Amino acid sequence: MYDIRDDMKPEDVPVPEGARRGPGRKYPFELLLVGQHFVVPGGEAPESTLNAIRSAAWRFRKHHPERRYDVRLDIEANVVRAFRVEDES
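Residues numbered from 1 in each chain as written. Predicted model: local features only at pLDDT ≥ 70, side-chain atom pairs only at ≥ 80, totals over all residues. Heavy atoms only, no water.

A. Fine view of helix H1 (residues 46–63). Relative to the 26 Å expected for 18 residues at 1.5 Å per residue, H1 spans 26 Å between its end C-alpha atoms, a close match to the ideal helical length. If you check which residues of H1 are buried, you get Pro46, Thr49, Leu50, Ile53, Ala56, Ala57 and Phe60. Seen from one end, H1 has its buried residues packed into an arc of 130°, which puts them on one side. Across H1 from its buried face, at more than 90 degrees, point the exposed residues Trp58 and Lys62. Residues of H1 that are buried in the fold lie against strand E1 (37–41), strand E2 (68–74) and strand E3 (79–85). (Helix = DSSP H or I, 4+ residues; strand = E, 2+ residues; numbered from the N terminus. Expected span 1.5 Å × (residues − 1). Buried < 20%, exposed > 50% of the residue type's maximum accessible area, 1.4 Å probe, protein only. Arc of directions from axis to C-beta. Contact = heavy atoms within 4.5 Å.)

Now the structure itself:
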């Protein structure tokens, strides 16, 4: 059914181009200081963009539980803003 082999290690297989390693690579969550934010264009479906960034913030926070983020949709500017808020103490 399956071909079980032991002639390779994970390091032997090249990482495909464009593949991300670890959380937070697409959006700059790790670069934000408390009080800063980044902006992502809302595009045709700003709610989808909002949900994608909220999900990314949630995944990033799993690895950095002390950091807190607030993601908001700015309807007037048709952008999504991700803010780093005060950390948990």
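Resuming the write-up.
B. Quick peek at the packing of aromatic side chains. Overall, the coordinates contain six aromatic pairs when judged by the stated rule. Note on Phe29 and Phe38: the rings are 5.3 Å apart at their centroids and 75° apart in plane angle, and the pair reads as edge-to-face. Since its relative accessible area comes to 0%, Phe29 is described here as buried. Among the aromatic residues, those joined into a cluster by ring pairs are Tyr27, Phe29, Phe38, Phe60 and Tyr69. (Phe/Tyr/Trp six-rings, centres within 6.5 Å; stacked < 30°, edge-to-face > 60°.)

C. The side chain of Thr49, seen in detail. With respect to the element layout, Thr49 can be found in helix H1. The contact partners of Thr49, leaving out residues within four places of it in the chain, are Val40, Pro41, Gly42 and Val80.

D. Representation of the pairing of E2. For E2 and E3, the ladder comprises seven bridges, and the chain directions are antiparallel. Bridge pairing in E3 places Asp74 opposite Val79. Here E2 hands over to E3 after four residues, with Asn78 in that stretch at a positive phi of 55°. (Pairing = 2+ DSSP bridges.)

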